[in-house]
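Remarks on the overall topology
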Amino acid sequence: MTHGRLSPRALNRAALDRQLLLDRAPLAALDAVGRLAGLQAQAPLAPYVGLWTRLAGFRHEELKELITERAVLRAHLMRNTVHLVDAGDYLRFRPLYQPLLTRHLAGNFGKNLIGVDLAELAAAAADLLGQTPLTRPELGARLAPRWPDHDPASLAYAASHLLPLVQVPPRGLWGEPNHRAAFMLANAWLAGRDPSASPAPAQAAEQLVLRYLAAYGPASVADAQAWSGLSRLREVTDRLGSRLRAFTGPDGTDLLDLPDAPRPDPDVPAPPRFLPEYDNLLLSYAERSRVIPHRRPVPLPPGHGGCGGTLLVDGLWQADWKISDGVLKIEPFISLGPADRDAVAAEGERLLGFAAPAIAVRDVRFVPVRSG
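All of these numbers come straight from a predicted model, not from anything done at the bench.

Conventions used here
Sequence order as written defines residue numbering, which begins from 1 separately in each chain. This being a predicted model, a pLDDT of at least 70 is required before a residue's local features are given, and a value of 80 or more before pairs of side-chain atoms are given or counted; all residues contribute to the totals for chains, interfaces and linings. For side-chain calculations, the full set of non-hydrogen atoms in the structure is used, while hydrogens and water are omitted. The helix count covers DSSP runs of H or I at least four residues long, the strand count covers runs of E at least two residues long, and both are numbered beginning at the N terminus. Radius of gyration: over C-alpha atoms. The globule rule applied is 2.2 Å multiplied by the number of residues raised to the 0.38 power. For every residue, the accessible area (1.4 Å probe, protein chains only) is compared with the maximum for its type, and the residue is labelled buried under 20%, exposed over 50%, or partly exposed between those bounds. By the convention used here, residues are in contact when the closest approach between their heavy atoms is within 4.5 Å. We score Asp and Glu as negative and Lys and Arg as positive, and we do not count His or the chain ends. Charged side chains are reduced to one point each, which is NZ for Lys, CZ for Arg, CG for Asp and CD for Glu. Each salt bridge in this description consists of a side-chain nitrogen of Lys or Arg and a carboxyl oxygen of Asp or Glu lying within 4 Å of one another. Note on definitions: angles span 0 to 180 degrees between N-to-C directions of axes, and those axes are lines fitted to C-alpha atoms, for helices only across the stretch in contact. Angle categories: roughly parallel below 35 degrees, roughly antiparallel above 145, roughly perpendicular from 65 to 115, and oblique for all the rest. Here a crossing is called left-handed whenever its near helix is offset anticlockwise from the far helix by less than a right angle, and right-handed whenever the offset is clockwise. All amino acids are sorted into three groups, where Ala, Val, Leu, Ile, Met, Phe, Trp, Tyr, Cys and Pro are nonpolar, Asp, Glu, Lys and Arg are charged, and the leftover types, Gly among them, are polar. Among the buried residues, those of types Ala, Val, Leu, Ile, Met, Phe, Trp, Tyr and Cys that are joined through side-chain atoms within 4.5 Å form a nonpolar core. By this definition, two strands are paired if DSSP reports at least two bridges between them.

Moving on, we get to the overall build of the protein chain. A tally of helices and strands in the protein chain yields 15 helices and 14 strands. Its C-alpha atoms give the protein chain a radius of gyration of 21 Å, within 12% of the compact-globule value 21 Å for 372 residues. Sorting the 372 residues of the protein chain into buried and exposed places 53% on the buried side. Counted over contacts in the protein chain with a minimum sequence separation of 6, partners at least 24 positions apart contribute 67%. Looking at the protein chain, you have 41 positive and 39 negative side-chain charges, and the mean spots of the two groups are 2 Å apart.

Quick look at the side chain of Arg-94 now. Inspection of the secondary structure puts Arg-94 in the loop between helix 5 (87-93) and helix 6 (98-109). No salt bridge is formed by the buried Arg-94; its nearest oppositely charged neighbour, Asp-89, is found at 14 Å. With sequence-adjacent residues up to four places away left out, Arg-94 is seen in contact with Leu-77, Asp-89, Leu-101, His-161, Leu-163 and Pro-164.

Orientation of helix 7 (residues 118-129) relative to helix 8 (residues 136-143), taken along the N-to-C sense of each, is 120 degrees, at an axis distance of 11 Å. On the basis of the axis angle, helix 7 is oblique to helix 8. Between helix 7 and helix 8 the crossing geometry is right-handed. Residues Leu-121, Ala-124, Ala-125, Leu-128 and Leu-129 of helix 7 form the contact with helix 8, whose own contacting residues are Leu-139, Arg-142 and Leu-143. Per-class residue counts for the contact of helix 7 with helix 8 are seven nonpolar, no polar and one charged.

Counting 61 residues, the largest nonpolar core has Tyr-90, Leu-96, Tyr-97, Val-166, Tyr-212, Leu-213 and Leu-281 as its most contacted members. At nine residues, the largest contribution of residues to this core is made by helix 11 (residues 201-216). In contact with Val-166, not counting residues within four places along its chain, are Leu-73, Arg-74, Ala-75, Tyr-90, Ala-182, Phe-183, Met-184, Ala-186 and Trp-189. With 39 residues, the next largest nonpolar core counts Leu-45, Val-82, Val-313 and Ala-355 among its residues.

Bringing the pairing of strand 9 (residues 254-257) into the picture now. Judged from the four bridges that link them, strand 8 (residues 245-248) and strand 9 form a sheet pairing that is antiparallel. Considered in strand 9, the bridge of Arg-245 is made with Asp-257. Linking strand 8 to strand 9, which pair antiparallel, is a turn of five residues; within it Gly-252 sits at a positive phi near 90 degrees.

This part is about the pattern of salt bridges. Going through the model one piece at a time under the given rule, you end up with 17 salt bridges. With a shortest N-O distance of 2.6 Å, Asp-257 and Arg-263 are connected by a salt bridge. A single salt-bridge network, built from bridges that share partners, covers Arg-9, Arg-13, Asp-267 and Asp-314.

Turning our eyes to something else, we now look at the environment of Leu-118. Locating Leu-118 in the fold gives a position in helix 7. Separated by 40 residues in the primary sequence, Leu-118 and Ala-158 place their C-alpha atoms 8.0 Å from one another. With residues near it in sequence (within four places) discarded, Leu-118 still touches Leu-105, Leu-113 and Leu-162.

And the structure:
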């Protein structure tokens, strides 16, 4: 049974509410990471800004402690991209991704691994990475003597696709130097956590879909597949059956949601929010018009993160931002009225206080509206 058609604005406000972007939530960072089903973390410092913009009273030290205490992990997971996730979620969902990682390996490095026994390679790499963290160049150098006729970099990438690995600190710690990613076998890093407690694959897939809808719904099966990188999720939603509620999207698309999930009034105000690089909100739908009202591709800049990103105005991506030389520069795509400019400037000053606390004078500047 379908429960009515949802407007674009209704979908927007639902997404903002699930992503903790309507009001800063009084949650601990660990609880927020779980509720959000993880945060994008290719740029290692981006999750700090992502949590600051979502949580009341968030401090850098809170996430640093969670990472060093191994309560949250940085690892390749959804779409084979780096995410910051709760350690229990990593153990729960990582087995679902092994087929995807195996296909990525064959497609990207297969020609460089002809003649390599991948099971033997995985065992050799697991022995090394179970003892100490290694960067990919370090791992490749240690594997190379055993396979001298093969590219060391390809050997290392193969290991990172064949084994459940995590990126260990100090990478990802705010205020630390920009360390190269070092990997360790997840079971070794999480000594004492029992991976055998993970659910069966079918049950894990159901849990993953439910977690996605809780964090992003209402959404389509295509949306869930775009976020996760997994296929055949229609089979999963069919199994869930009456545990889901059906809606129709603005364009007639079939949408699904949790029956009791919040769907705010479309007219509820949405304050300006500064999102970091690679933020989940912009990247986790196949149909992104609920938050992207134009055709601009989501920027995926290189770097350590924490000093640039996108800006929501009335819940929509309407500007980019960057902190450079102690100045927060805001580049709008549209003309902002006086009330919006004042609200954005005030929020920008708060951002500078978090991301660049050493700056004595908080300088927020708007550059002229650009088109295209």
